[in-house]
Amino acid sequence: MSLVVVGSMAFDAIETPFGKSDRIIGGAGTYIAWCASNFTPVKQISVVGGDFPQSELDELANRKVSLEGVQIKKDEKTFFWSGRYHMDMNTRDTLDTQLNVLENFQPVVPDSYQDCEFLMLGNLVPAVQRSVIEQLKTRPKLIVMDTMNFWMEIAMDELKKTISMVDVLMVNDSEARQLSGDFSLVRAAATIMKMGPKYLIIKKGEHGALLFYEDKVFFAPALPLEDVFDPTGAGDTFAGGFIGHIARTKDISFENMKTAIIVGSAMASFCVEKFGTARLREINKADISARLDEFVQLVNFDINLV
Ligand code: AMP
């Protein structure tokens, strides 16, 4: 039984008010794999061009990330994304999106991935995400999906078809408003859950994340950090922590999802401490459990109303 991850593998160029990166390794699938592999082995589905460094693939393979489902298109270029953050480090403008290999990507799910119990659909073309669900002969126990405004703008109908097939949808607050057409996040959540997902996670950057299920809501804060260097990939890292915890514990109850969003928040807090995937490459199990303890301290309080 396994965790299958689908998502972009990319080159990114990032500008923040405090610095600028050259072309560095990024992509939703990359961040998810680096993060989730701390908790459980990962079977990756993606596509890269001939320009993607083999050493990057080797490093992932060394972390028990299976790359049988990653296609390498030798004569094409890897997906490229570039973004610039505003002063608040919470909002950003996309400067450039070059789909390249993603344009005609047709994922092929290897036979060895058919034991998929947990499926994480990271940010990618919605039709590609759906194709992976359709290729699996047995429906996974839990399908989690992330997406972004880019797909709402160019492929809303396709996106809604994929959303109707998943159990958990993750979006940020502005995407929840865009998808539902409602400013109130509580009403937006109700509208989005009618589109199919039983659970909805709304990420609010440095203001934490909300988990909606039926008429219940749970809130996980983000760790207040002295310095945020680069928020790129925080959402994907959050997704990797969330699904990594669920896949490790094999428990899809609402109670365990609450823990999973704390794990996701803790992992995302590492991601933003350095540019790109740099911080995720450094951390070990001890760092992760120390950070989880900080979260417990952050939200733990007693109240006596008498
Ligand atoms: P996040 O900061 O969590 O929203 O994720 C940023 C990552 O998403 C970057 O590393 C990009 O390479 C990747 N990304 C940006 N736009 C897209 C897109 N349209 N499709 C797939 N991945 C994307």
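Our subject is the structure that appears above.
The text that follows walks through the structure, step by step, so that each part is easy to find. (Residues numbered from 1 in each chain as written. Predicted model: local features only at pLDDT ≥ 70, side-chain atom pairs only at ≥ 80, totals over all residues. Heavy atoms only, no water.)

Examining helix 1 (residues 28-36)
By the criterion of burial, helix 1 is predominantly enclosed, with 9 of the 9 residues buried. Residues Ala 28, Gly 29, Thr 30, Tyr 31, Ile 32, Ala 33, Trp 34, Cys 35 and Ala 36 constitute the buried set of helix 1. (Buried < 20%, exposed > 50% of the residue type's maximum accessible area, 1.4 Å probe, protein only. Helix = DSSP H or I, 4+ residues; strand = E, 2+ residues; numbered from the N terminus.)

With respect to the nonpolar core
Among the nonpolar cores identified, the biggest contains 57 residues, and Leu 3, Met 120, Ile 201 and Phe 242 are the most heavily contacted of them. It is helix 9 (residues 254-271) that provides the largest number of residues to this core, a total of 11 residues. Ignoring anything within four residues of it in the chain, the contact list for Met 120 reads Leu 3, Val 4, Val 5, Val 6, Ile 32, Val 144, Met 145, Asp 146, Met 170, Ala 239 and Ile 243. (Core = buried A, V, L, I, M, F, W, Y, C linked by side-chain atoms within 4.5 Å. Contact = heavy atoms within 4.5 Å.)

Some remarks on the site of the ligand
In the neighbourhood of the ligand, 20 residues make up the surrounding shell, with Ser 8, Asp 12, Gly 27, Gly 233 and Asp 236 lying closest. Here an oxygen atom of the ligand sits 3.1 Å away from a polar atom, N or O, in the main chain of Gly 235. Calculation on the ligand without its partners gives an accessible area of 510 Å², and the protein chains cover 93% of this total. Elements that contribute at least two residues to the shell around the ligand include exactly strand 2 (10-16), helix 1, strand 7 (79-85), helix 4 (149-154) and helix 8 (234-249). Ranked by the residues each element gives to the shell around the ligand, the list is headed by helix 8, at 3 residues. (Near = heavy atom within 4 Å. Polar contact = N/O pair within 3.5 Å; in protein donor to acceptor, adjacent residues only side chain to side chain. Areas by Shrake-Rupley, 256 points an atom, 1.4 Å probe, with all protein chains shown as cover.)

Side note on the pairing of strand 6 (residues 65-73)
With 7 bridges connecting them, strand 5 (residues 42-49) and strand 6 associate as parallel partners. When the sheet's bridge partners are listed, Lys 43 is paired in strand 6 with Ser 66. In terms of handedness, the path from strand 5 via helix 2 (residues 54-62) over to strand 6 forms a crossover that is right-handed. (Pairing = 2+ DSSP bridges. Right-handed = clockwise from strand over helix to strand, strands pointing away.)

Describing the environment of Thr 147
Tracing the chain through its elements places Thr 147 in the loop between strand 10 (142-146) and helix 4. A sequence separation of 115 residues divides Thr 147 from Ile 262, and the C-alpha atoms of the two residues are 20 Å apart. The residues touching Thr 147, leaving out its near neighbours within four places in the chain, are Asn 123, Met 152, Leu 159, Leu 169, Met 170, Val 171 and Glu 175.

Things to note about the sheet that holds strand 10
One open sheet accounts for 9 strands, arranged 6-5-1-9-10-11-12-13-14; its pairing is mixed. Each edge of the open sheet carries a strand with a single partner, namely strand 6 and strand 14 (216-220). Strand-to-strand twist in this sheet, taken as the mean axis angle between neighbours without regard to direction, amounts to 15°. The sheet strands contacting helix 7 (residues 185-193) are strand 11 (168-172), strand 12 (199-203) and strand 13 (209-213), and the helix crosses strand 13 at an angle near 50°. (Axes fitted to C-alpha atoms, helices over the stretch in contact; angles between N-to-C directions.)

Description of unusual backbone geometry
A positive phi is found at Glu 214, a non-glycine position, where the angle reads about 50°. Along the chain, the position of Glu 214 falls in the loop between strand 13 and strand 14. At Lys 250, a residue that is not glycine, the phi angle is positive and equals roughly 55°. Within the fold, Lys 250 resides in the loop between helix 8 and helix 9. With relative accessibility at 40%, the residue Lys 250 sits in the partly exposed group.

So, a nonpolar patch on the surface
There is a patch of nonpolar side chains on the surface, built from Phe 301, Ile 303 and Leu 305 and spanning about 430 Å² of accessible area. For Phe 301, a relative accessible area of 63% puts it in the exposed group. (Patch = residues over 30% accessible without salt bridge, like charges linked within 9 Å, V, L, I, M, F, W, Y side chains within 5 Å. Salt bridge = Lys/Arg side-chain N within 4 Å of Asp/Glu carboxyl O.)

Let's talk about the packing of helix 1 against helix 8
Their axes nearest at 7 Å, the elements helix 1 and helix 8 cross at an angle of 40°. Relative to helix 8, the element helix 1 lies oblique. Considering only the axes of helix 1 and helix 8, their crossing is right-handed. Across the interface between the two elements, Ala 28, Tyr 31, Ile 32, Cys 35 and Ala 36 from helix 1 touch Asp 236, Thr 237, Ala 239, Gly 240, Gly 241 and Gly 244 from helix 8. For the contact of helix 1 with helix 8, the residue count by class is 6 nonpolar, 4 polar and 1 charged. (Parallel < 35°, antiparallel > 145°, perpendicular 65-115°, else oblique. Left-handed = near helix turned anticlockwise from the far one by under 90°. Nonpolar A, V, L, I, M, F, W, Y, C, P; charged D, E, K, R; others polar.)

Let's talk about the pattern of salt bridges
What the rule picks out here adds up to 20 salt bridges. In this structure, Asp 182 engages Arg 187 in a salt bridge whose closest nitrogen and oxygen atoms are separated by 2.9 Å. Of the residues examined, Asp 182 reaches a relative accessible area of 18% and is grouped as buried.

Quick notes on the packing of aromatic side chains
Tallied over the entire structure, the rule returns 4 aromatic pairs. Aromatic side chains Phe 150 and Trp 151 sit 4.8 Å apart centroid to centroid with 85° between the ring planes, which places their arrangement in the edge-to-face category. The class of Trp 151 is buried, set by a relative accessible area of 6%. Every member of this aromatic cluster is reached through a ring pair, and the members are Tyr 199, Tyr 213 and Phe 254. Directly above the ring of Phe 11 sits Arg 23, whose terminal nitrogen or CZ lies 3.9 Å from the centroid. Note that Arg 291 overlies the ring of Phe 270, its terminal NZ or CZ placed 4.2 Å from the centroid. (Phe/Tyr/Trp six-rings, centres within 6.5 Å; stacked < 30°, edge-to-face > 60°. Lys NZ or Arg CZ within 6 Å of the ring centre and 35° of its normal.)

That is the geometry; function is a separate question.
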